[in-house]
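# Structural overview for review
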Amino acid sequence: MSFLRGERLLLRYGRTAVVHGVSVELAPGRVTALIGPNGSGKSTLLRALARLHRADEGEIRLADRAVSLLGARQFAREVTLFSQSRQAPHGLTVREVVAFGRHPHRRRFSGPSPADRTAVDTAMTVTGVQEMADRAVGELSGGEMQRVWLAACLAQETGVVLLDEPTNHLDLRYQIETLDLVRDLADDRGAAVGIVLHDLDHAARVADTLLLMSDGRVHAAGEPHQVLTAEHISEVYGLPVEVETDPRTGRIRIDPIGRHPARTRKHPVEENA
């Protein structure tokens with residue numbers, strides 16, 4: 001399994017710097033979550049790790065190799081990216097789209113191998129799209145298509161998995177199943193996982209390491225309990241919060257304090273008093 005490192009990365013859009021000298025390391029068997037408000041640079045940083053955004057300064061290395069020296073097919077055999085910006089292709093079935101993930105492993109002009117078929121079936125099963133394998137992707141909802149693209153990434157069977165907001169557009173069941181799947185990738189497959197999340201509770205649930213970003217810089221980094229403090233969150237988001245640890249599960253719970261107090265329903269006895 002391979003480490004993926006970004007070292008002192010400076011990333012720009014045009015002349016505007018959006019990430020300022022950030023370093024990040026994705027280690028085998030661990031989930032690293034990039035969190036922060038909109039415009040903090042987390043998705044741009046993830047795209048740079050996937051070689052989809054050029055670094056103006058710094059270097060990205062896969063194990064001991066500079067990724068700039070790797071061919072596209074070689075890189076794709078080791079690193080995959082789940083992105084929010086993919087469009088659903090017309091005229092293809094779910095199985096055909098998931099099979100896209102096997103292209104880096106296939107020889108030119110060759111058909112799918114038994115290993116390809118197994119990888120596709122496994123990816124569809126764990127993402128819950130096996131039953132729709134023969135449906136046209138044009139018939140799917142946004143959330144269903146999200147799971148199909150995730151299955152295509154898993155079928156790629158890489159040692160490094162990059163995920164940009166994989167729980168967006170999913171209902172509660174599939175949000176939690178996706179987070180469980182992310183943990184399985186790290187715990188069972190030993191993958192190095194980098195994931196961008198907006199939901200801080202999701203980040204606390206799934207990550208070993210957090211990078212809290214603000215204005216293109218790392219505001220705090222470390223284990224969830226070190227990063228997800230009321231002080232850090234309030235400073236970055238400009239919103240007062242309360243943070244507590246559930247005594248039963250040990251999970252961090254974050255309660256943002258808005259302008260309106262939480263509404264509570266009176267007990268029927270109190271209403272009739």
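What counts as what
Residues numbered from 1 in each chain as written. Predicted model: local features only at pLDDT ≥ 70, side-chain atom pairs only at ≥ 80, totals over all residues. Heavy atoms only, no water. Helix = DSSP H or I, 4+ residues; strand = E, 2+ residues; numbered from the N terminus. Rg over C-alpha atoms; globule rule 2.2 N^0.38 Å. Buried < 20%, exposed > 50% of the residue type's maximum accessible area, 1.4 Å probe, protein only. Contact = heavy atoms within 4.5 Å. Phe/Tyr/Trp six-rings, centres within 6.5 Å; stacked < 30°, edge-to-face > 60°. Lys NZ or Arg CZ within 6 Å of the ring centre and 35° of its normal. Pairing = 2+ DSSP bridges. Axes fitted to C-alpha atoms, helices over the stretch in contact; angles between N-to-C directions. Salt bridge = Lys/Arg side-chain N within 4 Å of Asp/Glu carboxyl O.

- As recorded by an unreviewed UniProt entry, the protein chain carries the name Iron complex transport system ATP-binding protein and is attributed to Actinoplanes derwentensis.

### Some remarks on the overall build of the protein chain
- If you tally the helices and strands in the protein chain, you get ten helices and twelve strands.
- Over its C-alpha trace the protein chain gives a radius of gyration of 20 Å, about what one expects of a compact globule, namely 19 Å for 273 residues.
- Expressed as lengths along the three principal axes of its C-alpha atoms, the size of the protein chain is roughly 75 × 50 × 35 Å.
- Each of the 273 residues in the protein chain was classed as buried or not, and the buried ones make up 45%.
- Partitioning the intrachain contacts of the protein chain with sequence separation of at least 6 by distance along the chain shows that 65% fall at a separation of at least 24.

### Considerations on the packing of aromatic side chains
- Summed over the entire model, instances satisfying the criterion amount to one aromatic pair.
- Centroid distance F100 to W149: 6.5 Å. Interplanar angle 35°. Geometry classified as tilted. Of this pair, F100 sits in the loop between α3 (94–98) and α4 (114–127) while W149 is found in helix α5 (residues 142–155), placing the two residues 49 residues apart along the sequence.
- For F100, a relative accessible area of 32% puts it in the partly exposed group.
- The exposure class of W149 is buried, given its relative accessible area of 10%.
- The lysine or arginine in question, R147, covers the ring of Y174, its NZ or CZ lying 3.7 Å from the ring centre.

### Some points on the pairing of strand β2 (residues 16–26)
- Summarising the sheet, strand β1 (residues 4–13) and β2 pair through seven bridges and their orientation is antiparallel. When the sheet's bridge partners are listed, R5 is paired in β2 with E25.
- Hairpin connection, β1 to β2: the antiparallel pair is bridged by two residues, and G14 has positive phi, about 65°.

### Thoughts on the sheet that holds strand β5 (residues 65–66)
- Here we have four strands laid out as an open sheet, ordered β2-β1-β4-β5, and antiparallel in their pairing. The open sheet has two free edges, formed respectively by β2 and β5, since each of these has just one partner strand.
- Pairing of strand β4 (residues 55–62) with β5 involves two bridges; the strand directions are antiparallel. Bridge pairing in β5 links R61 to A66.
- Across the face of the sheet, helix α1 (residues 42–49) comes into contact with β1, β2 and β4 while running at roughly 120° to β1.

### Focus: the pattern of salt bridges
- Following the criterion strictly, the structure yields 14 salt bridges and no others.
- With a closest N to O distance of 3.3 Å, R54 and D56 form a salt bridge.
- Between E59 and R61 there is a salt bridge, and its shortest N-O distance comes to 3.3 Å.
- A relative accessible area of 32% means that E59 is categorised as partly exposed.

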